[in-house]
Amino acid sequence: MAGTPDIVKNGDIVMDAVRAADHDRYLSALYAPADKRDALLALYAFNAEIAGVRDRIHEPLPGEVRLQWWRDVIAADGDAGTGHPTADALRATIAANKLPTAAFENMLAARIFDLYDDPMPSRTDLEGYCGETAAALIQLGAMVLDPAAAPGFAELAGRAGCAQAITGLLLLLPLHRRRGQCFVPADILAAAGTTPEEFVKGEGGAAAERAVVAMIALAREHLNAFEKGAPALPVSLRPAFLPLALTHAYLDKMEKAGSWALRRTAALSTLRRHWLLLRHAMRGWMPL
């Protein structure tokens, strides 16, 4: 069961870590059944840890060492604790819910891209990155919530993950540009009339704005596909997909911001986020 001692023992620490690092997923986890909540938070805390490696470790090679530490933790046999609350809660969650370790290995491999300044080559590469990160996290959450139903919604998790991750990358775009990263695919930039180098340096002008519009359209394409299938989600799986309740609002705000999206994060108020999550939690993905 999800409420094993190692998960519960570290529960408050893990919850606080998710609350601080990923408030949207923290809020969504509160709508999960009480006996599943700690396991979901362990997954979200792990995701926040590996997504934030570059923020804490500014050189690529030490960052890779940190990601390798997580691989070793996940692969280790036995019940000995690591002394790291998130790691111990994650290992307990994997064991209690029989989660596939390959999914975590793929997440860690995908996060190596975050450590370097290489541009994202293509839309296909971007969607693959989203699939191994955000989509995998949704599917793992679904497996925690309802292992019997989860496999039937893997494709929907893929669409949801792409919509959520591309939106998240757009929200982080000002930060990424400041530190020389380019998650906007080179083929999208070329179609817009600019290059990764120009985009990062802020020299793309109207072409950079066109590239952002294209990214928003790509996120909406995946979001629309998710929303088309979302009414079929069983109640048991909805908490894993609940953060998507905010994605539409983020995209709307970025579209209204126009070129400001290149320089400023489009935030939603805490009250707005609470309201959207509550409405979707109560009604699923029926029109609001």
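Here we summarise the structure given alongside this text. The structure displayed is predicted, hence computed values, not measured ones.

1. Quick word on the side chain of R25
Right, on to step 1. Positionally, R25 belongs in helix α3 (residues 23-29).
Right, on to step 2. One polar contact links R25 to D22, side chain to side chain, over a distance of 2.7 Å.
Right, on to step 3. Here Q164 takes part through its side chain, which lies 3.3 Å from a polar atom of the side chain of R25.
Right, on to step 4. Apart from residues lying up to four places away in sequence, R25 is in contact with V18, Y44, N47, A134, L137, Q164 and P243.

2. Notes on the layout of surface pockets
Right, on to step 1. In this structure, the largest pocket encloses a volume near 1000 Å³.
Right, on to step 2. Taken together, 37 residues form the lining of the largest pocket, with A21, D22, R25, G168 and L172 sitting closest to its centre.
Right, on to step 3. Contributions of two or more residues to the lining of the largest pocket are made by α2 (11-21), α3, α4 (34-51), α5 (53-56), α9 (123-145), α10 (154-171), α11 (173-178) and α16 (247-257).
Right, on to step 4. Among the elements that line the lining of the largest pocket, the one with the most residues is α10, at 6 residues.

3. A short note on empty space enclosed by the protein
Right, on to step 1. Applying the stated criterion across every chain yields a total of 1 cavity of 30 Å³ or more.
Right, on to step 2. The volume enclosed by the largest cavity comes to roughly 60 Å³.
Right, on to step 3. Looking at the lining of the largest cavity, the elements that each hand over two or more residues are α10 and α11.
Right, on to step 4. Looking at the lining of the largest cavity element by element, the count peaks at 3 residues for α11.
Right, on to step 5. Residue composition of the lining of the largest cavity, grouped by class: 8 nonpolar, 2 polar and 1 charged.

4. With respect to the nonpolar core
Right, on to step 1. Of all hydrophobic cores here, the largest spans 93 residues; its most connected members are F104 and F199.
Right, on to step 2. For this core, the element with the highest residue contribution is α9, accounting for 11 residues.
Right, on to step 3. If we skip the residues at most four places from it in the chain, F199 touches L173, R177, C182, V184, L189, T194, A208, A211, V212 and L262.

5. Structural notes on the packing of helix α8 (residues 101-111) against α9
Right, on to step 1. The contact between α8 and α9 brings their axes to 9 Å, and the two run at 145°. Considering only the axes of α8 and α9, their crossing is left-handed. Where α8 abuts α9, its residues A103, F104, N106, M107, A110 and R111 lie against Y129, E132, T133, A136, L137 and L140.
Right, on to step 2. Across the contact of α8 with α9, the residue classes tally to 8 nonpolar, 2 polar and 2 charged.

The rules behind these values
Residues numbered from 1 in each chain as written. Predicted model: local features only at pLDDT ≥ 70, side-chain atom pairs only at ≥ 80, totals over all residues. Heavy atoms only, no water. Helix = DSSP H or I, 4+ residues; strand = E, 2+ residues; numbered from the N terminus. Polar contact = N/O pair within 3.5 Å; in protein donor to acceptor, adjacent residues only side chain to side chain. Contact = heavy atoms within 4.5 Å. 1 Å grid on protein atoms, 1.4 Å probe; cavity = no way out; pocket = protein on both sides within 12 Å on 5 of 7 lines; lining within 4 Å. Points joined across faces, edges and corners; volume = space filled by probe spheres on them. Nonpolar A, V, L, I, M, F, W, Y, C, P; charged D, E, K, R; others polar. Core = buried A, V, L, I, M, F, W, Y, C linked by side-chain atoms within 4.5 Å. Buried < 20%, exposed > 50% of the residue type's maximum accessible area, 1.4 Å probe, protein only. Axes fitted to C-alpha atoms, helices over the stretch in contact; angles between N-to-C directions. Left-handed = near helix turned anticlockwise from the far one by under 90°.

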